[in-house]
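A closer look at the structure
Next come the chains, spelled out residue by residue.
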Amino acid sequence: MNDDDDDDTPLLELADCTLGYARRAVVCVDRLAVHPARCLGVFGPNGSGKTTLLRAIAGLLKPMTGEIRRVPRLRVGYLPQLRTIDPTWPMSGLDAASLAASSRSLPGWVGRGRRRAIRRRMEQLAVRDLAHRPFRTLSGGQQQRILLAGVLAIDPQLLLLDEPTDGLDLRSRDLLVETLRQEKQAGLGIVLITHDPEELAMLADDVVHLHVPDAPGEPSHLDLRTPARANAATRIATSELNPRN
Amino acid sequence: MFPDPFYYPLLFTAAALAIAAGVLGTFVLLRREALVALAVPQIVAIGAALSLRFAWPKLPPALVAVAVALALLAWARHRGLTGLLPGLYVAGVSISFLVIANSGAHVAEMQNLFTGIDVAVTAQDATALAGPALGAAMLAALLWRKWLLLAQSPTMARLSRIHPIAWEIGFLALLGTVLLMGTNTLGVVMVLALLFLPAATALPWARRIPMTLACAVVIGLLDVYAGFEISNGMDWPFSQSVGGVGFCLLLVSHLAAAIRG
């Protein structure tokens, strides 16, 4: 089998899709593909349908029209937003890292092999020594790296990130982005929803911009751009944030 | 040192309930389901009132009442209706007494069910409670990682084809089993005391869920033992003694945690 052919095969492809809830269309997509070893950045204002698009990519939302094609048995990982984590639940760093693995078995048990994989990933992300510390006492950057280690331990082909650096300081953000870049180079396909133009510039190979519809009730339309240089993504995002620039 | 054998069924039942309620109570507090846990025993009382009024066996009407209430609750959550739960609580308190209105002996029995002041437990009652309640608790404890996942990232769960609503109904069924068996046998006060107080005592010190569950169970057993001794020594009602001890331990735990920072 030719490696180049493998790289060209998208992990997932949306064609002529209308996405929405009940009978209300939220986003229209003519064509969109997510490839291995590439990052698709999704950018747009609140209410433009970013989460709807992510839900469809994740397979949690069926398209109202059109088709979503996936490679068979696609393994999808999801990194939750830190602000959705409830700190009142007592858990150690290792428990938090085991969340993704526990979703893979009916009773939620994490076997010895999976635990080894989680520890290996924690080691790789320099959070191995936080395994037995209470999760809620850790910094945002440490927490996010622990969760990422857990998601990577299930060996996903496609990783979905919903504002992964939200609330992190600059150093933690850069560390996380660097880790994601390494994983991308190793073949991981990434879909990144973010409000941070710099993050897009550092990570995204393709940028999808969702436009808020002109008339209320109309679906958002999707504008896909593939920046020639990394900082072009920043320009796209920044020009949307500051239209006068 | 050893209590009168007459009390063995009562102590065995209370100990089994302490174990089951310690486990379920921890998840009830973490999942912020306290109002459900308060409402279900009131619903059990409707079933108990029906069985008194029509001289039916004790358990089946209560079981039907709880099943209907939990089904209603699951439907209301699915539809986003938040007002039904407090409504169920009030309905339980009101309807249970309306069913037996103007029947003095039955009213006294219902008051016993609510206050748990004059509790009599047979060996048969003890056996009937222990199996389902301990089974429900064991299942809830073994699934702790699942409850944690559903609380922390429902999206991650859905990606693995886990349906949060189905698991929520499962949890309500486990909780309903413990509350139903406990209320029917030992009364509302004992059930609520063992459900909330040991878990709330353990939680300020919690670092991981398995250890928290174990601590809540041990504290619950300690409550039962100390409550029984005090009840015997002071000639106080058993359920209220357990509640009193539990509340003192809760205060000490929270004060110590506050001092420790």
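Given the structure is predicted, the values throughout are model-derived calculations rather than measurements.

1. A few points about the overall build of chain B
Helix and strand counts for chain B stand at 12 helices and zero strands. Against the compact-globule benchmark of 18 Å for 261 residues, chain B has a radius of gyration of 18 Å, which places it among compact chains. C-alpha extents for chain B along the principal axes are approximately 55 × 45 × 30 Å. Considering chain B as a whole, with its 261 residues, one finds that 51% of them fall into the buried category.

2. Remarks on the interface of chain A and chain B
Taken residue by residue, the interface counts 32 residues in chain A and 28 residues in chain B. When chain A packs against chain B, the two sides together hide about 2,600 Å² of surface, and 60% of this comes from carbon and sulfur. For the chain A face of the interface with chain B, the top three residues by lost area are Tyr78, Trp89 and Pro90 of chain A, together amounting to 27%. Where chain A touches chain B, the interface holds three salt bridges. With a closest N to O distance of 2.7 Å, Asp95 of chain A and Arg208 of chain B form a salt bridge. Sorting the residues of the side of chain A that touches chain B by element identifies strand 5 (76-79) and helix 4 (99-102) of chain A as the ones contributing at least two each. Taken together, the residues of the side of chain A that touches chain B sort by class into 17 nonpolar, 11 polar and four charged.

3. A word on the side chain of Lys184 of chain A
Residues and elements named next belong to chain A. With respect to the helices and strands, Lys184 occurs in helix 7 (residues 170-185). Classification of Lys184 by relative accessible area gives buried; the value is 11%. Ignoring anything within four residues of it in the chain, the contact list for Lys184 reads Ala37, Arg38, Cys39, Ile190, Leu203 and Asp205.

4. Comments concerning the nonpolar core
With 147 residues, the main nonpolar core has Leu14, Leu53 and Leu158 of chain A together with Leu24, Phe27 and Trp147 of chain B as its most contacted residues. In terms of residue count, the dominant contributor to this core is helix 1 (residues 8-30) of chain B (13 residues). Core analysis: the next-biggest nonpolar cluster, separate from the first, contains five residues, Ile43, Ala65, Ala69 and Leu88 of chain B among them.

5. Concerning the confidence of the model for chain B
Per-residue confidence for chain B gives a mean pLDDT of 92; residues scoring 70 or more make up 99%. This complex was scored by the predictor with a pTM of 0.89 and an ipTM of 0.87.

6. What to know about the pattern of salt bridges
Counting across every chain of the model gives 18 salt bridges over all chains. For Asp206 of chain A, the salt bridge goes to Arg38 of chain A, with nearest N and O atoms at 3.0 Å. Taken together, the residues span a long stretch of sequence, with Asp206 of chain A in strand 8 (residues 206-211) and Arg38 of chain A in the loop between strand 2 (24-34) and strand 3 (39-43) at a distance of 168 residues. Asp206 of chain A gets classed as buried once you look at its relative accessible area, which sits at 10%. A salt bridge links Asp95 of chain A to Arg145 of chain B; the shortest N-O distance between them is 3.8 Å. Taken together, the residues Asp95 of chain A in helix 3 (residues 93-97) and Arg145 of chain B in helix 7 (residues 144-152) connect one chain to another.

7. What about helix 2 (residues 34-53) of chain B?
Side chains that are three or four residues apart share a direction in an α-helix, a result of its 3.6 residues per turn. Its 20 residues give helix 2 of chain B an end-to-end C-alpha distance of 30 Å, which sits within 8% of 28 Å, the value for a rise of 1.5 Å per residue. Positive backbone phi, at 55°, marks Ala55 of chain B, one or two positions downstream of helix 2 of chain B.

8. What to know about the packing of helix 2 of chain B against helix 9 (residues 164-186) of chain B
All names here are of chain B. Their axes nearest at 9 Å, the elements helix 2 and helix 9 cross at an angle of 50°. What the angle tells us is that helix 2 and helix 9 run oblique. The two elements helix 2 and helix 9 meet at a crossing, and its hand is right-handed. Here Val36, Ala37, Val40, Pro41 and Val44 of helix 2 come into contact with helix 9, specifically with Leu172, Leu175, Leu179, Leu180, Thr183 and Asn184. Residue composition of the contact of helix 2 with helix 9, grouped by class: nine nonpolar, two polar and no charged.

9. Side note on the packing of aromatic side chains
For the coordinates displayed, the defined rule picks out nine aromatic pairs over all chains. An angle of 75° between the planes, with centres 5.6 Å apart, marks the rings of Trp147 of chain B and Trp167 of chain B as edge-to-face. Separated by 20 residues along the polypeptide, Trp147 of chain B in helix 7 and Trp167 of chain B in helix 9 bring together distant segments of the chain. As far as the burial class goes, Trp147 of chain B and Trp167 of chain B line up, both buried. Measuring from ring centre to ring centre gives 5.4 Å for Trp147 of chain B and Phe171 of chain B, while their planes differ by 70°; the resulting arrangement is edge-to-face. You can see Trp147 of chain B sitting in helix 7 and its partner Phe171 of chain B sitting in helix 9, a full 24 residues away along the chain. In this structure Trp147 of chain B comes out as buried when scored by relative accessible area, which is 1%. Taken together, the aromatic side chains of Trp89 of chain A together with Phe27, Trp147, Trp167 and Phe171 of chain B make up a single cluster linked through ring pairs. For Arg31 of chain B, the ring lying beneath its charged end belongs to Phe171 of chain B, and the centroid distance is 4.2 Å. Seen from the ring of Phe54 of chain B, Arg53 of chain B lies directly overhead, with NZ or CZ sitting 5.5 Å from the centre.

Reading the values: the criteria
- Residues numbered from 1 in each chain as written.
- Chains lettered and ligands numbered in written order.
- Predicted model: local features only at pLDDT ≥ 70, side-chain atom pairs only at ≥ 80, totals over all residues.
- Heavy atoms only, no water.
- Helix = DSSP H or I, 4+ residues; strand = E, 2+ residues; numbered from the N terminus.
- Rg over C-alpha atoms; globule rule 2.2 N^0.38 Å.
- Buried < 20%, exposed > 50% of the residue type's maximum accessible area, 1.4 Å probe, protein only.
- Contact = heavy atoms within 4.5 Å.
- Buried area = accessible area lost by both parts, 1.4 Å probe.
- Salt bridge = Lys/Arg side-chain N within 4 Å of Asp/Glu carboxyl O.
- Nonpolar A, V, L, I, M, F, W, Y, C, P; charged D, E, K, R; others polar.
- Core = buried A, V, L, I, M, F, W, Y, C linked by side-chain atoms within 4.5 Å.
- pLDDT = per-residue confidence, 0-100.
- Expected span 1.5 Å × (residues − 1).
- Axes fitted to C-alpha atoms, helices over the stretch in contact; angles between N-to-C directions.
- Parallel < 35°, antiparallel > 145°, perpendicular 65-115°, else oblique.
- Left-handed = near helix turned anticlockwise from the far one by under 90°.
- Phe/Tyr/Trp six-rings, centres within 6.5 Å; stacked < 30°, edge-to-face > 60°.
- Lys NZ or Arg CZ within 6 Å of the ring centre and 35° of its normal.

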